[in-house]
Every structure is written in C-alpha cells, then in structure tokens.
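Residue strings, one per chain:
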Amino acid sequence: MSTELKMFQPSTTQGDACTYMWACAICEENETCQKDKEGHSRWLVAKRMERIDYKILVMSNKGGVGKSTVSTNLAVSLALKGYEVGICDMDIHGPNIPKMVGAEGQRLKISTGGGIIPHQAYNMKIASMSFLLQNSDDPIIWRDAYKFEFINQLLGGVEWQDLNFLIVDLPPGTGNESVTTIDLIGEVTGCVIISTPQEVALLDARKSVTFARDSELPIIGIVENMSGLDCPHCHQHIEVFRLGGGEASAHDMGVPFLGRIPLDPEVVRQSDYGEPYALFHSDLPTADAYHDIANKVDDFCKKKGSLVQIATKSPFKKK
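Every chain's residues receive numbers from 1 upward, in the order its sequence appears when written. Reporting of local features is limited, given that this is a predicted model, to residues whose pLDDT is at least 70; pairs of side-chain atoms are given and counted only at 80 or more, and all residues count toward the totals for whole chains, interfaces and linings. Excluded from the side-chain calculation are hydrogens and water; included are all heavy atoms of the structure.

Undergrad: Would you mind showing me how to read the confidence of the model for the protein here?
TA: Detailed reading of the predicted coordinates is not advisable wherever pLDDT falls low. Per-residue confidence from the predictor is reported as pLDDT, which spans 0 to 100. Averaged over every residue, the pLDDT of the protein is 83; the share at 70 or more is 82%. Comment: elements are numbered from the N terminus, with helices defined as DSSP H or I runs of at least four residues and strands as E runs of at least two. Of all helices and strands in the protein, the one with the weakest mean pLDDT is strand 11 (residues 237-238) (60), whereas strand 7 (residues 163-169) scores best (98). What makes two residues a contact is simply this: any of their non-hydrogen atoms within 4.5 Å. Of the regions scoring below 50 in pLDDT, residues 1-15 engages in 21 contacts with residues more than four places distant in sequence or in other chains. Note that pLDDT drops below 50 for residues 308-319; the model gives that stretch 2 contacts with residues more than four away or on any other chain.

Undergrad: Please explain helix 2 (residues 67-80) as it appears in this structure.
TA: Along an α-helix, residues three or four positions apart point the same way, because every turn accommodates 3.6 residues. By definition here, a helix of n residues has an expected span of 1.5 Å times n minus one. Taking 1.5 Å of rise per residue, the 14 residues of helix 2 would be expected to cover 20 Å, and the 20 Å separating its terminal C-alpha atoms lies within 8% of that figure. Here the term buried applies to any residue with accessible area under 20% of the maximum for its type, exposed to any over 50%, and partly exposed to those in between, with areas from a 1.4 Å probe on protein chains only. With 13 of 14 residues buried, helix 2 lies mostly within the body of the structure. A positive backbone phi angle near 100° is found at G82, which sits one or two residues after helix 2.

Undergrad: For this particular structure, what's the right way to read the environment of V223?
TA: One can find V223 in strand 9 (residues 219-224). Taking the C-alpha atoms as reference points, V223 and A205, 18 residues apart in sequence, are found 9.7 Å from one another. Ignoring any residue separated from it by four or fewer positions in sequence, one finds V223 in contact with V192, I193, I194, S195, L258, G259, I261 and I293.

Undergrad: Explanation requested: the pattern of salt bridges in the structure shown.
TA: Should the charged atoms of two oppositely charged side chains come close, the side chains can pair. The rule for a salt bridge is simple: a side-chain nitrogen of Lys or Arg has to be within 4 Å of a carboxyl oxygen of Asp or Glu. Considering all chains together, one arrives at 12 salt bridges under this definition. For K67, the salt bridge goes to D169, with nearest N and O atoms at 3.1 Å. One end of the pair, K67, is in helix 2; the other, D169, is in strand 7, with 102 residues separating them in the sequence. Judged by relative accessible area, D169 falls into the buried class, the value being 0%. In this structure, K296 engages D292 in a salt bridge whose closest nitrogen and oxygen atoms are separated by 3.4 Å.

Undergrad: It is not clear to me how the sheet that holds strand 8 (residues 190-195) should be interpreted in this structure. Could you clarify?
TA: Whether parallel or antiparallel, the strands of a sheet pair through hydrogen bonds between backbone atoms. On the basis of which strands lie adjacent, the open sheet formed by 8 strands has the order 5-6-2-7-1-8-9-12 and mixed pairing. Unpaired on one side and paired on the other, strand 5 (119-121) and strand 12 (257-260) mark the two borders of the sheet. Averaged over neighbouring strand pairs, the angle between their axes works out to 25° when direction is ignored. Strand pairing is assigned whenever DSSP detects at least two bridges linking the two strands. Taken together, the 5 bridges between strand 2 (residues 85-89) and strand 6 (residues 124-128) define a ladder with parallel strand orientation. By the bridge assignment for strand 6, I87 is matched with I126. Axis angles are defined between N-to-C directions and span 0 to 180 degrees, where every axis is a line fitted to C-alpha atoms and, for a helix, only to the segment in contact. This element, helix 4 (residues 144-157), spans strand 2 and strand 6 of the sheet and lies at about 175° to strand 2.

Undergrad: Please clarify how the layout of surface pockets should be interpreted in this entry.
TA: Here a cavity denotes a set of grid points, spaced 1 Å apart and computed over the protein atoms alone, in which a 1.4 Å probe fits but from which it cannot get out, and a pocket denotes an open set meeting protein on both sides within 12 Å along at least five of seven lines; residues with an atom within 4 Å of a point are reported as lining. Grid points are joined across faces, edges and corners, and a volume is the space filled by probe spheres set on the points. Considered as a void within the structure, the largest pocket measures approximately 390 Å³ in volume. V65, G66, T69, M100 and M226 are the residues nearest the centre of the largest pocket, which is lined by 26 residues in total. Mapped onto the lining of the largest pocket, the elements with two or more residues apiece are helix 2, helix 3 (97-100), helix 8 (265-273) and helix 10 (285-313). Considering every element that reaches the lining of the largest pocket, the biggest residue donor is helix 8, with 5 residues.

See the structure below:
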C-alpha cells in the first residue's frame, strides 16, 4: 500500500509504530509486518473514538432480554433528535442489528483510504459482524485471540468519522468480548443495562451493575424491557413477566431507573421487517418509552460533558 496513505504519529518509537488508518486484519502487509500490532490497534481505535462525542454501551448479563431491539430504537430516537448516530453491533455470535434496520445480507466496502465504510440506514452508520460474513447462517467458532481482531476492526477499522453518539450493542454476559471492547474504547461515556421484570433476569441485571462498577463504567441506568402487555383483544393489561422488578432492582443497587418498555407485538413485527419501531410508530406509547429513555441518555451525556469541560478549565487542574 502506498505510503502516501499513512498518517504521521508523533512517537518516541516512530520507526517501530505503524500509522496505517486501517485494522491489521485487512492490511496486505499483515503476514510480513513486524511492528507492534496491539499498540497499533489501540492507537487506531483511539483515533476513531476521539471523533465521537459519546460512547454508550448497551449491555445485559442475560440473553433474550431485547438488548439489540433497545439499542436500535435508542439509536433511532437519538437520530430523530438531530444527532449523528452510529451503531456498533459487537455481538459476534448473534449479530441482529442488520436485520432490524433492513440491511441483512449487505457487505461493507473498503474506502480509498483503506478503512471500512459503515452501512448507512435511517440516517445512522452501522457496522456488524453480519456484514463481514459470506453466509449469515455460518456459526462463529473462534478463540478469544481471533475475536480481538474482529473487535478492533469494528471499533478502529470502521471509518465512523464525526458522531455525536456511538451505541455499542454488547453480547450477553461479562466475557472476553465485553472486556476487550471496554479496554479498547478506553473512555466510555456510560452504559445502559437491559433487564426484563422476572426474578431470574433481575439477578443477571445485578451482575451487570457489579461488572460495570468493577470496570469503572458510569452507569446511566437500568431499563425494564417487556414490561407488561396490553391485550389487543380484551384490552386488559397483562403482566407476562411480572412488573416493576427492574425498578426495584435499580433502587436496591442504587442506580437510576430509566423506564419501562411494554411487551408490544408490533415491535417484533417491525424489527422483522427491518423498520425500527421508534421511527415508524413514533407517536405511539411504546415509541414514547424509547424516546423518554433516549432523552435521559442525552441528558446524562450533556451533564457529563459539562462536568468534563468544567474540570478541564479548572484553575486547580495540573498543567
């Protein structure tokens, strides 16, 4: 690759430092390169992330709680407010975001600068493992060392450019993918923890809170998803997975409660059609729940941004 595409990186070890603005996995010099690849990965992610105002992790210790659905509709709600938004689908084994935005089967392209161009949908930039597979039905059978390259590609190899928000949809649990993502991003603005009301899910939500605290992640709050169903036939409110458990868990753990999202069959249908519910039904009660959570995330980030600016300008800050 042409050296004209390289960027200057001030460093005491400049001769040993790679400054290509793309991930090692897509570099044609990968097999022969003797440079510090992990150091390059961290530098590359840092260069991408410094152009993004807020990095939000959406997480849960348990699968099947609607984390990807909330991530998609949270991102849509923020985009509707006029923000530049990206979604990074970090779920290696079950990447569902492309399906929910009507982009299943799409492939990402490489720019003239060597970076990966994110997919554009509904005024959002999206990158996912699904875009990198030849066949979306193929299972991912990787060891952790290989997963690092993929995570680095999505965070550092993708040309996210200038964004107000990057929503990172983490896989379930507190394993290698989550730890590596947090480590590479460095400064995470905050995390949103998704739960459903039943007790077994709440136990996992509490583990997510503990994980976030141990990782020194700011916790924006807990969302209680699938919180009751309004029957379309009898019009009765049915507590399918009970009600109020997420709020009680947030209170017990001393973290904010962001709100309840009903169990709405239309959300499922819209997701299967690739049409985000918060966009196509933006004036209905379930969409209001997504918008309200997005507003709380926005307020949290603005407040944190103001505190950072105050700290930066403080006369007591060391130069």
